[in-house]
Amino acid sequence: MRIRRLYQGTVLAAMCGCFTALYSGQAMAAYTNLSGPGIEYDNYVVAVEEGNPAIYVSMDSYDVLREANAGEYYQVLGDEGSGWIEIQVGESVGYISTETGVSVINVEELEGSGAEARVEANITATLSQQTSESRRQNLVNYALQFLGCAYRAAGSSPSTGFDCSGFVSYVMRNSAGVSLNRSSRAQATQGVAVSAEQMRPGDLVFYGNGSAINHVAMYIGDGQVAHASTYKTGVKTSPWNYRTPVRIVNVLGD
């Protein structure tokens, strides 16, 4: 995406195909047909002005790729006609209708504000955030493939079984390259403590009797943890607060 000039007091920041307004200016331009010779689609963005319009996997599908948020901007890849615009959504391609609270803007026609340094800083920060989110989601996906694996005391391998600390240690080492101590009590001394409100997928949740830690699980999002639970269940998911947590830590360093 080329941003040569910026819009009267509005800073636009590139975010892997998504653009976010850092502060607002005047109303956005209305949609016009982008078809025609010499059109450079990478000069255009879709601005989400209100609501949470759906971005679809394809124009003839009800499968939603994600919901957009007011204030976001997406790079235009093409005009599909009938008000449908093909856009870049992170590393994916999606389709959004101009009848759902969005408009199309030619960035080349926006007035400058001399905010290039601010845009560059925002790009760097956003890419770092997206890298962290992607790493954490990959970690969760890796952990979930072991659901149903057997429980084994002192176990640390999917071929023979896991105990709780062996499970999180195996997943962290093989998916994220993070080395953990062997016991849940020792693992609780690693990383940085976070609150339940700050907890993100990939963080470790510790449980115990009083303050004595005797169990660890990995938060996987949506209020759930994955953990090697008992001989009967093996590796399973549970609500993150199925027991009262003693400590929550971020060992991923982000």
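Coordinates for the structure precede this section.
Residues numbered from 1 in each chain as written. Predicted model: local features only at pLDDT ≥ 70, side-chain atom pairs only at ≥ 80, totals over all residues. Heavy atoms only, no water.

## Examining the overall build of the protein
So, point 1. Counting its secondary structure elements, the protein contains 3 helices and 17 strands.
So, point 2. Across the protein, contacts joining residues at least 24 apart in sequence account for 59% of those joining residues at least 6 apart.
So, point 3. As presented, the protein carries roughly 12600 Å² of accessible surface, and 47% of it is formed by carbon and sulfur atoms. (Helix = DSSP H or I, 4+ residues; strand = E, 2+ residues; numbered from the N terminus. Contact = heavy atoms within 4.5 Å. Areas by Shrake-Rupley, 256 points an atom, 1.4 Å probe, with all protein chains shown as cover.)

## A word on the environment of Tyr242
So, point 1. Structurally, Tyr242 is set in the loop between strand E16 (234-239) and strand E17 (245-250).
So, point 2. Placed 35 residues apart in sequence, Tyr242 and Tyr207 show a C-alpha to C-alpha distance of 9.7 Å.
So, point 3. When near neighbours in sequence (up to four residues on either side) are disregarded, Tyr242 contacts Tyr207, His215 and His227.
So, point 4. At a separation of 3.4 Å, a polar atom in the side chain of Tyr242 contacts the side chain of His215. (Polar contact = N/O pair within 3.5 Å; in protein donor to acceptor, adjacent residues only side chain to side chain.)

## A few points about the sheet that holds E16
So, point 1. Within the open sheet, the 6 strands sit side by side as E12-E17-E13-E14-E15-E16. Their pairing is antiparallel. Edge strands, defined here as strands with exactly one partner in the open sheet, are strand E12 (192-193) and E16.
So, point 2. Relative to E17, strand E13 (residues 204-209) is paired through 4 bridges, and the arrangement is antiparallel. Considered in E17, the bridge of Val205 is made with Ile248. (Pairing = 2+ DSSP bridges.)

## Quick notes on the pattern of salt bridges
So, point 1. Inspection of the entire model under this criterion finds 4 salt bridges.
So, point 2. For Asp163, the salt bridge is made with Arg182, and the minimal N-O distance between the two is 3.2 Å. Here Asp163, found in the loop between strand E11 (161-162) and helix H2 (164-176), pairs with Arg182, found in the loop between H2 and helix H3 (184-187); they are 19 residues apart in sequence, far enough to count as distant.
So, point 3. Each of Arg136, Arg200, Asp203 and Asp254 takes part in one network of salt bridges that share partners. (Salt bridge = Lys/Arg side-chain N within 4 Å of Asp/Glu carboxyl O.)

## Remarks on the side chain of Ser184
So, point 1. Within the secondary structure, Ser184 is located in helix H3.
So, point 2. If we skip the residues at most four places from it in the chain, Ser184 touches Cys164, Ser165, Phe206, Ile213, Asn214, His215 and Val216.

## Focus on the pairing of strand E9 (residues 102-106)
So, point 1. Of all 5 residues in E9, 5 are buried, a share of seventy percent or more.
So, point 2. As defined by bridge partners, strand E3 (residues 44-48) adjoins E9 across 5 bridges and the pair is classed as antiparallel. Across the sheet, Val45 pairs through a bridge with Ile105, a residue of E9. (Buried < 20%, exposed > 50% of the residue type's maximum accessible area, 1.4 Å probe, protein only.)

## Observations regarding the environment of Glu99
So, point 1. Locating Glu99 in the fold gives a position in the loop between strand E8 (92-97) and E9.
So, point 2. C-alpha of Glu99 to C-alpha of Trp84: the two residues are 15 residues apart in sequence and 8.7 Å apart in space.

## A look at the packing of aromatic side chains
So, point 1. What the rule picks out here adds up to 8 aromatic pairs.
So, point 2. Here the aromatic rings of Tyr56 and Trp84 are separated by 6.0 Å at their centres, their planes lie at 70°, and the arrangement is edge-to-face. You can see Tyr56 sitting in strand E4 (residues 54-56) and its partner Trp84 sitting in strand E7 (residues 84-89), a full 28 residues away along the chain.
So, point 3. Their ring planes at 75° and their centres at 4.9 Å tell us that Tyr151 and Tyr231 sit as a pair that is edge-to-face. Note that Tyr151 is positioned in the loop between helix H1 (116-144) and strand E10 (156-157) and Tyr231 in the loop between strand E15 (224-230) and E16, a separation of 80 residues in sequence.
So, point 4. Taken together, the ring pairs connect Tyr142, Phe146, Phe162, Phe167 and Tyr170 into an aromatic cluster. (Phe/Tyr/Trp six-rings, centres within 6.5 Å; stacked < 30°, edge-to-face > 60°.)

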